[in-house]
Protein chains: 2
Amino acid sequence: MLARAGEQGRPETTVAVTRGARRACGFAVLGELPLPNGRRADLVALAPDGALRIIEVKSSRADLQADRKWTDYRDYCDRFYFAAPMELDTALFPAEAGLIVADAHGGMLAREAPPLRLAPASRRAMLVRFGSLAAERYCALAFGEETVWL
Amino acid sequence: MLARAGEQGRPETTVAVTRGARRACGFAVLGELPLPNGRRADLVALAPDGALRIIEVKSSRADLQADRKWTDYRDYCDRFYFAAPMELDTALFPAEAGLIVADAHGGMLAREAPPLRLAPASRRAMLVRFGSLAAERYCALAFGEETVWL
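Just so it is clear, the model here is predicted, and its values are computed rather than measured.

> Can you tell me about the overall build of chain A, naming the residues and giving the values?
Of regular secondary structure, chain A possesses three helices and six strands. When its helices and strands are written in sequence order, chain A yields α-β-β-β-α-β-β-β-α. A total of 150 residues make up chain A; the buried ones form 51% of that total. A sequence separation of at least 24 residues applies to 57% of the contacts in chain A between residues at least 6 apart. Carbon and sulfur atoms provide 54% of the accessible area of chain A, an area that totals close to 7000 Å².

So this is what it looks like as structure tokens:
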């Protein structure tokens, strides 16, 4: 999340790493996507072939250690990654997750994530959420008007 | 399409009807979405339950009569509609399509569209296209930066 007041995160680092990781993904990326299980993904990237990647941004060692639920994201993507600033020891991160090292200018894939098994119903739910949220955000910015129900 | 130079369309009417139909859809709507068959849909609406609607905008009788390929859209949505200005006779429109009557302020469903059979692979392809295009358009507007491939 971009703003985690009172938590172990470092807000400026979180913003910088999120920005760099977003740029590194290179395809369609949305921030703050609510998942069917009630959690919220920092970044979700949709590749042209339909592959879904979830990226959780960690700004510090404490931020990482406070996260006991990262495995909850793995049911909703084809690959799961952490994104972190360069100064964090990559050995801190679980081997079952991919790792993107990023600053505000971009990111590098430090470790590829293993492929996960995304159930067809979960994929469909994620594609619908991703498309709905992206189109609503785009329309709000582009047209700035409330929609009216038929 | 919003600009059809040299065609039978009336550009101001097309813009107005497109805007009204977009507002009438009330959920996530994208304009000018390229389809897997090479055509381009005027409007595609994604409902929260994942249903996909395609809407083709017609500004005049001549615009409608020039369209001999509207049935090509039916392989890529759950329901297909025309949208037209109020002054057009609704009897001109094929009974196999839904009809939205619209002006720049909004639209009304004049005739519900029959449900179509959307193949699972086509649904997945459409959801990926919809999500990718929406997120790319949103990111371009919100961040105004080029993405960099990993």
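> Before we move on, can you summarise the sheet that holds strand β5 (residues 98–103) of chain B with the specific residues and values?
If you trace the six strands from one edge of the open sheet to the other, you get β1-β2-β3-β4-β5-β6 (chain B), paired in mixed fashion. Each edge of the open sheet is held by one strand with a lone partner, namely β1 (28–34) and β6 (106–111) of chain B. With direction set aside, neighbouring strand axes in the sheet form an average angle of 30 degrees. In this sheet, β6(B) lies alongside β5(B) in antiparallel orientation, the contact comprising five bridges. Looking across to β6(B), one finds that Ile100(B) is bridged to Leu109(B). Here helix α3 (residues 120–142) of chain A sits on the sheet and contacts β1 and β2 (40–46) of chain B; the angle it forms with β1(B), its principal contact strand, is near 95 degrees. Helix α3 (residues 120–142) of chain B contacts β1, β2 and β3 (52–57) of chain B of the sheet and is inclined by roughly 100 degrees relative to β1(B).

> Lay out the nonpolar core with the relevant residues and their values.
Counting 64 residues, the largest nonpolar core has Ile54(A) and Ile54(B) as its most contacted members. If we skip the residues at most four places from it in the chain, Ile54(B) touches Leu35(B), Ala41(B), Leu43(B), Val44(B), Tyr73(B), Tyr76(B), Cys77(B), Arg79(B), Phe80(B), Tyr81(B) and Met126(B).

> Can you explain the pairing of strand β4 (residues 79–84) of chain A? Please cite residues and give values.
All names here are of chain A. Burial of β4 is extensive: five of the six residues sit out of reach of the surface. Bridge count for strand β3 (residues 52–57) against β4 is five bridges, and the pairing is parallel. Residue pairing in the sheet places Val57 in a bridge with Ala83 of β4. Here four bridges tie β4 to strand β5 (residues 98–103), and the two strands are oriented parallel to one another. Across the sheet, the residue bridging to Ala83 is Ile100, located in β5.

> Kindly report on the sheet that holds β5(A), identifying the contributing residues and their values.
Taking strand neighbours across the sheet as the criterion, the six strands line up as β1-β2-β3-β4-β5-β6 (chain A) in an open arrangement whose pairing is mixed. Two strands lie at the open edges of the sheet, namely β1 (28–34) and β6 (106–111) of chain A, each paired on one side alone. When strand polarity is set aside, the average angle formed by the axes of neighbouring strands in this sheet is 30 degrees. Relative to the sheet, α3(A) contacts β1, β2 (40–46) and β3 of chain A, its axis offset from that of β1(A) by approximately 100 degrees. On the sheet, α3(B) packs against β1 and β2 of chain A and is oriented at approximately 95 degrees with respect to β1(A).

> How would you explain the packing of α3(A) against α3(B) if you had to name every residue and give the values?
In the contact formed by α3(A) and α3(B), the axes pass within 8 Å of each other and the chain directions differ by 35 degrees. Classified by chirality, the crossing of α3(B) by α3(A) is left-handed. Of the residues assigned to the contact of α3(A) with α3(B), the class counts are 16 nonpolar, four polar and six charged.

> Describe the environment of Met108(A), listing the residues and the values that go with them.
As for its placement among the helices and strands, Met108(A) is situated in strand β6. Accessibility expressed as a relative area gives 57% for Met108(A), which makes it exposed.

> Requested: an account of the side chain of Ser60(B), with residues and values cited.
Relative to the assigned elements, Ser60(B) resides in the loop between β3 and α2 (61–65). From its side chain, Ser60(B) meets the backbone nitrogen of Asp63(B) in a polar contact 3.0 Å long.

> Summarise the side chain of Lys58(B); cite the residues concerned and give the values.
Structurally, Lys58(B) is set in the loop between β3 and α2. Reaching out from Lys58(B), the side chain makes a polar contact with the side chain of Asp67(B) at a distance of 3.0 Å.

> Lay out the environment of Asp103(A) in plain terms, naming residues and giving numbers.
All names here are of chain A. Mapped onto the elements of the fold, Asp103 is located in strand β5. Spatially, the C-alpha atom of Asp103 lies 7.4 Å from that of Arg19, the residues being 84 residues apart in sequence. Asp103 has contacts with Ala16, Gly20 and Met86, leaving out every residue within four places of it along the chain. Engagement of the side chain of Asp103 in a polar contact is seen with the backbone nitrogen of His105, the distance being 2.9 Å.

> Residues and numbers for the confidence of the model for chain A, please.
Detailed conclusions should not be drawn from predicted coordinates in areas where pLDDT is low. All names here are of chain A. With 89% of its residues at a pLDDT of 70 or more, chain A has an overall mean of 86. Element-level mean pLDDT values for chain A span from 80 in helix α1 (residues 11–25) up to 95 in β4. Segment residues 1–6: pLDDT under 50, and eleven contacts once partners within four positions in sequence are set aside and those in other chains are kept.

The rules behind the values
Residues numbered from 1 in each chain as written. Chains lettered and ligands numbered in written order. Predicted model: local features only at pLDDT ≥ 70, side-chain atom pairs only at ≥ 80, totals over all residues. Heavy atoms only, no water. Helix = DSSP H or I, 4+ residues; strand = E, 2+ residues; numbered from the N terminus. Buried < 20%, exposed > 50% of the residue type's maximum accessible area, 1.4 Å probe, protein only. Contact = heavy atoms within 4.5 Å. Areas by Shrake-Rupley, 256 points an atom, 1.4 Å probe, with all protein chains shown as cover. Pairing = 2+ DSSP bridges. Axes fitted to C-alpha atoms, helices over the stretch in contact; angles between N-to-C directions. Core = buried A, V, L, I, M, F, W, Y, C linked by side-chain atoms within 4.5 Å. Left-handed = near helix turned anticlockwise from the far one by under 90°. Nonpolar A, V, L, I, M, F, W, Y, C, P; charged D, E, K, R; others polar. Polar contact = N/O pair within 3.5 Å; in protein donor to acceptor, adjacent residues only side chain to side chain. pLDDT = per-residue confidence, 0-100.

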